[in-house]
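Residue-level listing of the chains:
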Amino acid sequence: MSTDESQPTDSATASASARPADTPRSLAEALRSRADDALAGLLHARPDLLNPVPTDLTQLATRAGTRASVVRALERLDRFAQQVAQTLAVAPEPTTYDEVLALLAGDDGDPAVAKALPRALGTLHEQALVWGPDDRLRLVRTARELLAPGPQHPSPTGLGPTVAEATAGMSPTRIQGIVAAAGLPTTHDPVSAVESLTALFTDRARMSALLDEAPAESVEVLSRLVWGPPYGQVTADPARHLRWLLDRGLLLPTAPGTVVLPREAALHLRAGRAHRAPEPTPPPVVAAREHRPQVVDATAAGQAYTALATVEELLKEWDEGGPAVLRAGGLSVRDLKRTAVALDLPEPLAAFWVELAYAAGLVASDGAADERYAATPAYDEWQELPAPERWAALATAWLSATRTAGLIGGRDGKDRTLSALGPHLDRSAAPEVRRRVLALLAGLPEGAEPDADSLLARLRWERPSPAAHDLRSRIAGWTLNEAELLGVTGRGALSTHGRALLGVDDTEAPGGDAPARAAAASRHLAPLLPQPLDHVLLQADLTAVAPGPLERPLAEALAVLADVESKGGATVYRFTPGSVRRALDAGQSASDLHAFLAAHSRTPVPQPLAYLIDDVARRHGHLRIGAASAYVRCDDEALLNEILADKRSQGLRLRRLAPTVLAAQADPGALLEGLRSMGFAPAAESAEGDVLITRAHAHRTPPRSAPEPVPEGPPVPDDTLIAAAVRAIRAGDLASTAPRKEVHETPSGSLPRTTSAETLATMQAAVMTGEAVWIGYVNAEGAASQRVIAPVRVEGGFVTAYDHTADEVRTFPLHRITGVAELADDE
């Protein structure tokens, strides 16, 4: 960005006045005068201009003025830059820097506006929304059409049309009547009459004198219209105070029954200000409370541990195959409720954890005919990582994900319910908003919890959007809650490992790439997480207390042997006949269970627990069930008699085949469950008569990759691509603007057309003289272009030349060259 574009200077203005021929006549000429770094800045700020790479600066200027590109550029401006653009849209065309400053600061001036205006104008210049020197500033035509006041699209300034625009089509007699009623001499034509009325409205002294004569009711009407909207309704026979305004042109008719306050009159009433409240500086983010950094880190670490435990519990719940996938994709409301109950969480929180696991690639659909959600193979790899690295993987996935869990339960534009894991939850602005929210938190002192309202106000200033569509503010609110759930923040303040995750205030990976930042965050978090324990505390009431996180093998074995009764700082497990039977079904023996508890308990194994294990083990497998449809066999005939006599067995339709065998109409699984519900402890057996060992079957999807974030518009190109694009645009512009000799029957602006013989002769002559020539060329794909080349060799139907367009030596087939022309001699 050159100095004359970023700041107004007296020397720049004087130079422009002294050398009017140097003033660019179009945006393309303005871009042509820019340095390469300024063009690179434009392409970086507006990457949509780069795809495909423009052939020259004229095409770049044309593309920069298209409606879609201008709308996108305007939306990405901060509030004050937008206010400056809106002011340029209501200023004369062209305007000066001083006029823009006067419209923003008003008659009394505003030092903050004066200080911030060069930066805002520099941004508009850099993004090619404004061009021209400070004494002839022009807003690109498309931006002016978008921002200029109109009946269908009122200006954010609240101003209406000018006197000239409002009186267009008005009868000359009516215009002369208005001029006379305003105390001005009549003229011989309507144009001079409009100019006279405009001069009156823009003259502060004469306008004040005119308004001093106005009835109080008329002044009150103007006060209601002055800040917009400037339109009002009148009857066919208006009241006297309205008639006074209409007669003097302070209200001008725009349609039957509709009047408007002219822009010049409104600016006088506003003391020259285009905006009621200019916002030149961003509102500060203030701290609501301050905590000790150690407390913040400890709280965030506790939340990080809870996050890991919650995701693990979710995937255990879905370990044998999770809920079915809806036909339209996503999770049904009923399944989300079941998951929330299993996790003991409200549904919105359960939806967040489901979406986080999906974004991290830990859960996906299995792709089977009866499609269900299940853990992916990546989940098994994730489980083997140390806890800090597992957390860093989750936090990194959350930070870059475009899927927005806060939308779940709402409706989209087609009134469809948005479901968890559904296809319509991507919002491309989410990653940018999350990073910006955390960056603002990082700007506060360590341990400072932000005031949410001030944070949202800052975000709205940086990227204004209509209140009805302020998705960014909603995402920001969700970000604050999700960051606390995940342990990125603690008590609302950004933690040390959260700062490392962003790459700020960290000496290990300052601004590094994502893996380096994740590694730094895990190193900061590691000392704060509790170390896994290898023991529990057994109690006489058939419970075991885990005073902290358990080592994975111990936790998995205990989850089979006991049921989780409560979670929190300490997890309580309860031993029941059903849980002990579950361990026996998994292939453990009573002696194995006794040895396991003795090895991992810091307290002696209570006698009630030992009795429970022995009692269940003694009865376990006494009954054997196999396939008949199903049968029950037992050496104890009395026990079989007891089963037959029990009324609860009637649904199984049992009958005796032999003194020690009963046959059933139910399948083996139903028979097992039926007898267990009656209080027995049967065991399944194979066709060979061996006891079947049942273990939980972990269902996994085929290898799946995590969902790719949906970018917001085209990706930002890297410096290498931008530098190459600038060179190509410059070379193409050289080819398109290089002065050249006239070619017979070649229309201006088209590719040169010469015969094959003329092309060959001109090329051979250029090789001998070493001069550059202008050619038209059609590549293998049929794309036509014009180039400036310096031929080096012509042979075998090819010409080898230095291509100024590509900045390299290339070989061109002669049959693809449409024509050739010599460049004009330099003066």
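The rules we used
- Residues numbered from 1 in each chain as written.
- Predicted model: local features only at pLDDT ≥ 70, side-chain atom pairs only at ≥ 80, totals over all residues.
- Heavy atoms only, no water.
- Axes fitted to C-alpha atoms, helices over the stretch in contact; angles between N-to-C directions.
- Helix = DSSP H or I, 4+ residues; strand = E, 2+ residues; numbered from the N terminus.
- Parallel < 35°, antiparallel > 145°, perpendicular 65-115°, else oblique.
- Contact = heavy atoms within 4.5 Å.
- Nonpolar A, V, L, I, M, F, W, Y, C, P; charged D, E, K, R; others polar.
- Phe/Tyr/Trp six-rings, centres within 6.5 Å; stacked < 30°, edge-to-face > 60°.
- Buried < 20%, exposed > 50% of the residue type's maximum accessible area, 1.4 Å probe, protein only.
- Pairing = 2+ DSSP bridges.
- Salt bridge = Lys/Arg side-chain N within 4 Å of Asp/Glu carboxyl O.
- Expected span 1.5 Å × (residues − 1).
- pLDDT = per-residue confidence, 0-100.
- 1 Å grid on protein atoms, 1.4 Å probe; cavity = no way out; pocket = protein on both sides within 12 Å on 5 of 7 lines; lining within 4 Å.
- Points joined across faces, edges and corners; volume = space filled by probe spheres on them.
- Lys, Arg positive; Asp, Glu negative; His and termini not counted.
- Polar contact = N/O pair within 3.5 Å; in protein donor to acceptor, adjacent residues only side chain to side chain.
- Core = buried A, V, L, I, M, F, W, Y, C linked by side-chain atoms within 4.5 Å.

> It is not clear to me how the packing of helix 18 (residues 293-317) against helix 20 (residues 347-359) should be interpreted in this structure. Could you clarify?
Each packed pair of helices is defined by two parameters, the angle between the axes and the distance between the axes. Packing of helix 18 against helix 20 leaves a shortest axis separation of 10 Å and a crossing angle of 85 degrees. If you check the angle between helix 18 and helix 20, you find them roughly perpendicular. Across the interface between the two elements, Ala307, Thr310, Val311, Leu314 and Leu315 of helix 18 pack against Trp353, Val354 and Ala357 of helix 20. Residues that form the contact of helix 18 with helix 20 fall into these classes: seven nonpolar, one polar and no charged.

> Would you take a moment to explain the packing of aromatic side chains for this structure?
Centre distance and the angle of the planes are the two values used to describe a pair of aromatic rings. Counted by the stated rule, this structure contains four aromatic pairs. Arranged with centres 6.3 Å apart and planes meeting at 25 degrees, the rings of Trp318 and Tyr373 form a pair that is stacked. Here Tyr373 lies in strand 8 (residues 373-375) and Trp318 lies in the loop between helix 18 and helix 19 (333-343), a separation of 55 residues in the sequence. Both residues of the pair, Trp318 and Tyr373, count as buried.

> Just to check I follow, could you spell out the sheet that holds strand 5 (residues 258-260) for this structure?
Hydrogen bonds between backbone groups are what pair the strands of a sheet, and the pairing can be parallel or antiparallel. Strand order in the open sheet formed by three strands is 3-5-4, and the pairing between neighbours is antiparallel. Two strands bound the open sheet, and with one partner strand each, they are strand 3 (231-233) and strand 4 (252-255). Strand-to-strand twist across the sheet, computed as the mean angle between neighbouring axes with direction ignored, equals 40 degrees. Judged from the three bridges that link them, strand 3 and strand 5 form a sheet pairing that is antiparallel. Bridging from a neighbouring strand, Tyr231 pairs with Val260 of strand 5.

> Looking at this model, I keep getting lost on the pattern of salt bridges. Mind explaining?
Pairs can form between side chains of opposite charge once their charged atoms are near each other. The full count for this structure, using the stated rule, is 35 salt bridges. Between Arg206 and Asp203 there is a salt bridge, with its nearest N and O atoms 3.5 Å apart. Owing to a relative accessible area of 36%, Arg206 belongs among the partly exposed residues under this scheme. Measuring nitrogen to oxygen at the nearest pair gives 2.5 Å for the salt bridge that ties Arg618 to Asp615. Pair noted here: Arg618 and Asp615 are both in helix 31 (residues 607-619), with a separation of three residues, about one helical turn. The class for Asp615 is partly exposed, based on a relative accessible area of 28%. Salt bridges sharing common partners tie together Glu93, Arg138 and Arg144.

> Would you mind showing me how to read helix 27 (residues 514-525) here?
An α-helical segment advances 3.6 residues per turn. Residues three or four places apart therefore align on the same side. Between its first and last C-alpha, helix 27 extends 16 Å over 12 residues, near the 16 Å set by a 1.5 Å rise per residue. In the core, the buried residues of helix 27 are packed alongside helix 18, helix 22 (387-400), helix 23 (430-442) and helix 26 (496-502).

> Looking at this structure, how should I read the confidence of the model for the protein chain?
Detailed reading of predicted coordinates is not advised where the pLDDT is low. When the pLDDT values of the protein chain are averaged, the result is 85; 91% of them are 70 or greater. Below a pLDDT of 50 lies the segment residues 1-19, which in the model reaches 25 contacts outside its immediate sequence neighbourhood of four places, other chains included.

> Help me out: how do you make sense of empty space enclosed by the protein in this one?
Over the atoms rolls a probe the size of a water molecule, and its path tells where empty space is left. Under the definition given, this model contains five cavities of 30 Å³ or more. If you add up the space inside the largest cavity, you get close to 80 Å³. Taken together, the residues that form the lining of the largest cavity break down as six nonpolar, no polar and four charged. In this model, the second largest cavity occupies a volume close to 60 Å³. Considering the residues around the second largest cavity, the lining is formed by Thr396, Leu399, Arg435, Leu501, Ala514, Arg517 and Ala518. Sorting the residues of the lining of the second largest cavity by element identifies helix 22 and helix 27 as the ones contributing at least two each. Looking at the lining of the second largest cavity element by element, the count peaks at three residues for helix 27. In terms of residue class, the lining of the second largest cavity is made up of four nonpolar, one polar and two charged.

> Sorry, what's going on with the side chain of Asp48 here?
Tracing the sequence through the fold places Asp48 in the loop between helix 4 (36-45) and helix 5 (57-64). An unpaired buried charge is present at Asp48: no salt bridge exists, and Arg72, the closest side chain of opposite charge, is 4.3 Å distant. A polar side-chain atom of Asp48 sits 2.7 Å from a polar atom in the side chain of Ser69.

> What's the story with the nonpolar core in this structure? I'm lost.
Considering soluble globular proteins, one finds that nonpolar side chains tend to be buried as a cluster. Trp391, Trp398, Leu438, Leu486 and Val488 are the most contacted members of the largest nonpolar core, which has 68 residues in total. Of all hydrophobic cores here, the second largest spans 47 residues; its members include Leu42, Ala81, Ala143 and Ile722.

> Help me understand unusual backbone geometry in this model?
Excluding glycine, a negative phi dihedral is what most residues carry, and trans is how most peptide bonds are arranged. The residue after Asn51, namely Pro52, is reached through a cis peptide bond having omega -5 degrees. Following the sequence through the fold, Pro52 ends up in the loop between helix 4 and helix 5. Following Glu93, the chain continues into Pro94 via a peptide bond in cis, with omega recorded as -5 degrees. In this model, Ala271 sits at a positive phi of 60 degrees, which is unusual for a non-glycine residue. In this fold, Ala271 is placed in the loop between helix 17 (263-269) and strand 6 (287-290). Overall, the relative accessible area of 29% leaves Ala271 in the partly exposed class. A positive phi angle is found at Asp344, which is not glycine, with a value near 55 degrees.

> Looking at this structure, I do not really get the sheet that holds strand 15 (residues 571-574). What am I missing?
Read across the open sheet, the four strands follow the order 12-13-15-14; overall the sheet is antiparallel. The open sheet has two edge strands, strand 12 (537-539) and strand 14 (563-566), and neither has a second partner. On average, each strand axis in the sheet is inclined to that of its neighbour by 30 degrees, with strand direction left out of account. As paired strands, strand 14 and strand 15 are joined by three bridges and run antiparallel to one another. Bridge pairing in strand 15 links Asp563 to Arg574.

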